[in-house]
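Structural overview for review
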Amino acid sequence: QRKRDALKSSEEGAEEDAPDLPEVDIEDVDVFAVENVTDIGSGEPLFSCFGYEDWALLGIRFELQLLLLSFKRDLGDPERTTFHESHLPYYYNKYFRKQLNLKFFGADKILDLIDLVKDTIELKDDGMLECILAEDTPHCSILRLTEAHRRERQRRLDAGDETAALNFNKAALAVQPQAHVRQALVQAQQRPRFPAPGGVIRPGGHPMAQYGVQKRPFMPAPGSVFQPVKRPAYGAVLGGFSRSSHDVAR
């Protein structure tokens, strides 16, 4: 009983010592003015209203920014600092070892995906990609951009603009094979196959004799001397002679 009373009194003291946090409406908070993105002043993080679409857009913003900055640094050519938008799937797979799944983002082409993250990546008139953010941009700034995009999208939906809705496809992630698996399947399909005479090809390119097909008899080459190997008779010692009928009679 004493332990229970002591525990109860300690809990009451902790509640009295805890400061009363003010109630803050997250929609009224300036995303670029708040100092701590994990606490807007009421103990609530700035990303408390994120859905899975917002987390996916946050991730693709990070990846595209990192891809373009890494490409520029790895190439080290001041005359070639970026690449064409048609090469984005190739370099995305090259750097991240996975396919760029446009279907998941509800996009039919690269331009549709860039339009979702146009605050991070810009598409030039000549089709070249450019990262808007600087190399030393803190990670929390990308989170702020994602929250600002979520609020703008929500305001458009509240105003009756149905085109602002995101149509992400979660099922597209489940059916997409990994990059190395897809490459192995393509190589297996392109592997040459050599069937055996009178045989069929089984998957993988290895010949397999067809059931019921007889083997071709051995035919010596024209002009060659062919002597069949003599086998010892039954009961004879290996390397000796067989017993004749005269020896058997004796």
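Our structure is the block above this text.
First, a word on scope: everything that follows refers to the structure included in this document. (Residues numbered from 1 in each chain as written. Predicted model: local features only at pLDDT ≥ 70, side-chain atom pairs only at ≥ 80, totals over all residues. Heavy atoms only, no water.)

**A look at the overall build of the chain**
Tallying secondary structure elements over the chain gives eight helices and four strands in all. Secondary structure of the chain in N-to-C order comes out as α-α-α-α-β-β-α-α-α-β-β-α. For the chain, contacts bridging at least 24 residues in sequence account for 54% of all contacts bridging at least 6. Approximately 18,900 Å² of the chain is accessible, and the part contributed by carbon and sulfur atoms is 53%. (Helix = DSSP H or I, 4+ residues; strand = E, 2+ residues; numbered from the N terminus. Contact = heavy atoms within 4.5 Å. Areas by Shrake-Rupley, 256 points an atom, 1.4 Å probe, with all protein chains shown as cover.)

**Points about the environment of Phe83**
Mapped onto the elements of the fold, Phe83 is located in the loop between helix H2 (52-75) and helix H3 (88-96). We classify Phe83 as buried; its relative accessible area is 1%. Once the C-alpha coordinates of Phe83 and Lys72 are considered, the two residues, 11 residues apart in sequence, prove to be 9.4 Å apart. In this structure Phe83 touches Leu67, Leu68, Phe71, Leu88, Tyr91, Gly127, Met128 and Leu129, once residues within four positions along its chain are discounted. (Buried < 20%, exposed > 50% of the residue type's maximum accessible area, 1.4 Å probe, protein only.)

**A few points about the packing of H2 against H3**
Running from N to C, H2 and H3 cross one another at 90°; their axes reach a closest spacing of 11 Å. Taken as axis vectors, H2 and H3 run roughly perpendicular relative to one another. The residues of H3 that touch H2, namely those facing Ile60, Glu63, Leu64, Leu66, Leu67, Ser70, Phe71 and Asp74, are Leu88, Tyr91, Tyr92, Tyr95 and Phe96. Taken together, the residues that form the contact of H2 with H3 break down as 10 nonpolar, one polar and two charged. (Axes fitted to C-alpha atoms, helices over the stretch in contact; angles between N-to-C directions. Parallel < 35°, antiparallel > 145°, perpendicular 65-115°, else oblique. Nonpolar A, V, L, I, M, F, W, Y, C, P; charged D, E, K, R; others polar.)

**Observations regarding the pattern of salt bridges**
Counted according to the given criterion, the structure contains 12 salt bridges. One salt bridge in this structure joins Glu135 and Arg73, with 2.1 Å as the shortest N-O distance. In this pair, Glu135 sits in the loop between strand S2 (129-131) and helix H5 (139-158) while Arg73 sits in helix H2, placing the two residues 62 residues apart along the sequence. The partner of Arg156 in a salt bridge is Asp161, with the nearest N and O atoms 3.0 Å apart. Owing to a relative accessible area of 35%, Arg156 belongs among the partly exposed residues under this scheme. (Salt bridge = Lys/Arg side-chain N within 4 Å of Asp/Glu carboxyl O.)

**A few points about the side chain of Glu63**
Topologically, Glu63 is positioned in helix H2. Its relative accessible area of 17% is what places Glu63 among the buried residues. Only 2.5 Å separates the side chain of Glu63 from the side chain of Tyr92, close enough to count as a polar contact. Setting aside chain neighbours within four positions, we find Glu63 in contact with Tyr92, Phe96 and Lys98. (Polar contact = N/O pair within 3.5 Å; in protein donor to acceptor, adjacent residues only side chain to side chain.)

**Here we look at the layout of surface pockets**
By volume, the largest pocket is sized at about 380 Å³. Forming the walls of the largest pocket are 18 residues, and the residues nearest its centre are Asp115, Leu116, Thr163, Ala164 and Leu166. Among the secondary structure elements, those contributing two or more residues to the lining of the largest pocket are helix H4 (110-116) and H5. Across the lining of the largest pocket, the residue classes tally to eight nonpolar, four polar and six charged. (1 Å grid on protein atoms, 1.4 Å probe; cavity = no way out; pocket = protein on both sides within 12 Å on 5 of 7 lines; lining within 4 Å. Points joined across faces, edges and corners; volume = space filled by probe spheres on them.)

**Description of the nonpolar core**
Generally speaking, soluble globular proteins have nonpolar side chains that are buried together. The biggest cluster of nonpolar side chains holds 40 residues, and the ones touching the most others in it are Leu57, Ile60, Phe83, Leu88, Leu100, Phe105 and Phe168. Breaking this core down by element, the ones donating at least two residues are H2, H3, H4, S2 and H5. It is H2 that provides the largest number of residues to this core, a total of eight residues. (Core = buried A, V, L, I, M, F, W, Y, C linked by side-chain atoms within 4.5 Å.)

**Re the packing of H2 against H5**
Contact pair H2 / H5: the axes reach a minimum separation of 10 Å and the direction vectors enclose 135°. As summarised for this structure, H2 and H5 are arranged oblique, according to the angle between their axes. Considering only the axes of H2 and H5, their crossing is right-handed. Contacts between H2 and H5 involve Asp54, Leu57, Leu58, Arg61, Phe62 and Gln65 from the first element and His139, Ile142, Leu143, Leu145, Thr146, His149, Arg150 and Arg153 from the second. Classifying every residue of the contact of H2 with H5 gives six nonpolar, four polar and four charged. (Left-handed = near helix turned anticlockwise from the far one by under 90°.)

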